[in-house]
Amino acid sequence: MNDLHIDSTASTPEIHTDFASGKLAMAGDSYPENSFEFFAAIIQWTQDFLAQQSHALAIEFRLVYMNTSSVKAMLDIFDMLEEAHQNGREIAVRWYYDPRNERVMDLADEFREDCTFSFEIIPEEPVK
Amino acid sequence: MTDAERADIDSSALLTRIERALADDEHSEHPLAGLLESLLAAYRHQQHEMARLIRISDGYHGITRESFDALVRKSERQARQLDKLIRISDRYQNSLHELSDALEHASLTDVLTGIGNRRYLLKRLDEERQRAARGGNPFALILLDIDHFKRFNDTWGHAFGDLVLKTVGDCLQSNMRSCDLYGRWGGEEFLCLLPDTGPAQAYQSAERLRRMLHTIRFDAPHDQVRVTASFGVAAWRDPEDIDALLRRVDDLLYSAKDEGRDRVLLDDRGGSDDISADRP
């Protein structure tokens, strides 16, 4: 399985995955020209991981601004995760945010609402 | 036995009788035999069609059963997603709106004094001139400059100079009418815009400000300091543009400085109110 290692741009977040150990990390702003295309790779990776691996998936988000279609893609990912969790998969999300930006905390909280798996929202001072 | 069951038995018994009768040579020449034969064929065809329709409808029923729940779950999920999506984008929209309000306010506010800045004044001057040019009442300007400000700064430091600027800002805030607009024009200059005001009334406002400043004492190290200001006052004259009006008050302000400071100079050409009685 190919892991994703994508550097951030002004409009897209950086992405790192580890298929073997079950890790997915995204950080930055997300307002790509074509959100569907951009998120297709992440959705594919997640689907493959859930289908081919049986161990836990640990997710780390440091997402800040997201446009509407990015939010839509994330909702799809969270639905997939929730379904996997309902089927017994261990899933853990940690969403880090800059405490000066409470809007991000609200956003993460909105995502957390429908999730029954572990979902922590953690303030984190930005690295200088 | 229900009526339907009774009818079913009756009709199959009837069919058997008809079939037998048709098979019987004795009846084969009967005038109704042909008609009965056709009716029988039509009835069989209908039965066949009915059975086919029931099979199809059972099939549909089977398909629907299996996928209907999934379809409902999917549409519920989509409705939930849409709901959430709208909430999140509303939240973004609201914060963008608040941010743009805050930015607009910041872009029009003088950081030090908290009153309007030059950009704010230019914007309002333009609006006020347009209003007056459309046939509204004329307006007046007061431009004031703190006397010897540089000397305060040099003698007691910039913090003292800042305090003086803030105090003059506060003085405008508490002494101008609520319809008046004012702001820091730049450096130690402040500008007031008085809508619906003639030169005499504007002159009185400026005089009141000048006297108010006399009552304020500033605590400087080892000293109490009094601050004065010089004023230029003029009313807009149709169809004068803002730059020309600003030049007039600016010229008056510097004449006031030249004449010894701490005074108000008025350009009373223009405007409609008679100011001669008020002139000191």
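Computed from a predicted structure; not experimentally measured.

Some remarks on the overall build of chain A
Here comes step 1: Helices and strands together make up the secondary structure of chain A, namely 3 helices and 6 strands.
Here comes step 2: Taken over 128 residues, chain A has a buried fraction of 27%.
Here comes step 3: Taking all contacts inside chain A whose residues are at least 6 apart in sequence as the whole, residues at least 24 apart take part in 65%.

With respect to the overall build of chain B
Here comes step 1: Secondary structure summary: chain B contains 8 helices and 7 strands in total.
Here comes step 2: Burial statistics for chain B: of 280 residues in total, 24% are counted as buried.
Here comes step 3: Counting only contacts in chain B whose residues sit at least 6 apart along the sequence, the fraction spanning at least 24 positions is 67%.

A word on the environment of A:Arg89
Residues and elements named next belong to chain A.
Here comes step 1: Among the structural elements, Arg 89 can be located in the loop between helix 2 (68-86) and strand 5 (91-97).
Here comes step 2: Taking the C-alpha atoms as reference points, Arg 89 and Ser 54, 35 residues apart in sequence, are found 7.3 Å from one another.
Here comes step 3: Setting aside residues up to four positions removed in sequence, Arg 89 forms contacts with Leu 50, Leu 57 and Ala 84.

Concerning unusual backbone geometry
Residue and element names in this part refer to chain B.
Here comes step 1: Looking along the chain, the bond that leaves Asp 238 and enters Pro 239 is cis, with omega of 0°.
Here comes step 2: With respect to the helices and strands, Pro 239 occurs in the loop between strand 6 (229-235) and helix 8 (242-258).
Here comes step 3: The phi torsion at Asp 196 lies on the positive side, around 50°, for a residue other than glycine.

Some thoughts on the interface of chain B and chain A
Here comes step 1: With 10 residues of chain B at the contact, the number on the chain A side is 10 residues.
Here comes step 2: Taken together, the residues of the side of chain B that touches chain A sort by class into 2 nonpolar, 3 polar and 5 charged.

Overview of the sheet that holds strand 6 of chain B
All names here are of chain B.
Here comes step 1: Pairing in this open sheet of 5 strands is mixed, and the strands run 2-3-1-6-7 from one edge to the other. A single partner strand is all that each edge strand has here, and the edge strands are strand 2 (181-186) and strand 7 (264-267). With strand direction ignored, the average angle separating the axes of adjacent strands in the sheet is 20°.
Here comes step 2: As judged from the 5 bridges shared by strand 2 and strand 3 (residues 189-194), these two strands associate in the antiparallel manner. By the bridge assignment for strand 3, Gly 183 is matched with Leu 191.
Here comes step 3: Relative to strand 6, helix 8 is tilted by about 145°, and along the sheet it contacts strand 1 (140-146), strand 6 and strand 7.

Quick word on the confidence of the model for chain B
All names here are of chain B.
Here comes step 1: For chain B, per-residue confidence averages 86 on the pLDDT scale, and 89% of positions sit at 70 or higher.
Here comes step 2: Per-element mean pLDDT across chain B ranges from 66 in helix 2 (residues 25-28) up to 98 in strand 3.
Here comes step 3: Predicted confidence for residues 274-280 stays below pLDDT 50, and this span has 8 contacts to residues more than four positions away or in other chains.
Here comes step 4: The ipTM value of the predicted complex is 0.74, and its pTM value is 0.63.

Here we look at the nonpolar core
Here comes step 1: Within the largest apolar cluster, 45 residues are counted, with the highest numbers of intra-cluster contacts made by B:Leu141, B:Ile142, B:Leu191, B:Cys192, B:Leu193, B:Phe231 and B:Val233.
Here comes step 2: Judged by nonpolar contacts, the second largest core, of 28 residues, contains A:Phe49, A:Phe61, A:Leu75 and A:Phe78.

Quick notes on helix 3 (residues 102-112) of chain A
Residue and element names in this part refer to chain A.
Here comes step 1: Of all the positions in helix 3, only Val 104, Leu 107, Ala 108 and Phe 111 are classed as buried. Relative to the axis of helix 3, the buried residues are bounded by an arc of 95° and lie together on one face. When the buried face of helix 3 is taken as reference, the exposed residues oriented beyond 90 degrees from it are Glu 102 and Asp 109.

Cut-offs used in this document
- Residues numbered from 1 in each chain as written.
- Chains lettered and ligands numbered in written order.
- Predicted model: local features only at pLDDT ≥ 70, side-chain atom pairs only at ≥ 80, totals over all residues.
- Helix = DSSP H or I, 4+ residues; strand = E, 2+ residues; numbered from the N terminus.
- Buried ≥ 20, exposed ≤ 12 C-beta atoms within 10 Å, placed from the backbone.
- Contact = placed C-beta atoms within 7 Å.
- Nonpolar A, V, L, I, M, F, W, Y, C, P; charged D, E, K, R; others polar.
- Pairing = 2+ DSSP bridges.
- Axes fitted to C-alpha atoms, helices over the stretch in contact; angles between N-to-C directions.
- pLDDT = per-residue confidence, 0-100.
- Core = buried A, V, L, I, M, F, W, Y, C linked by C-beta atoms within 7 Å.
- Arc of directions from axis to C-beta.

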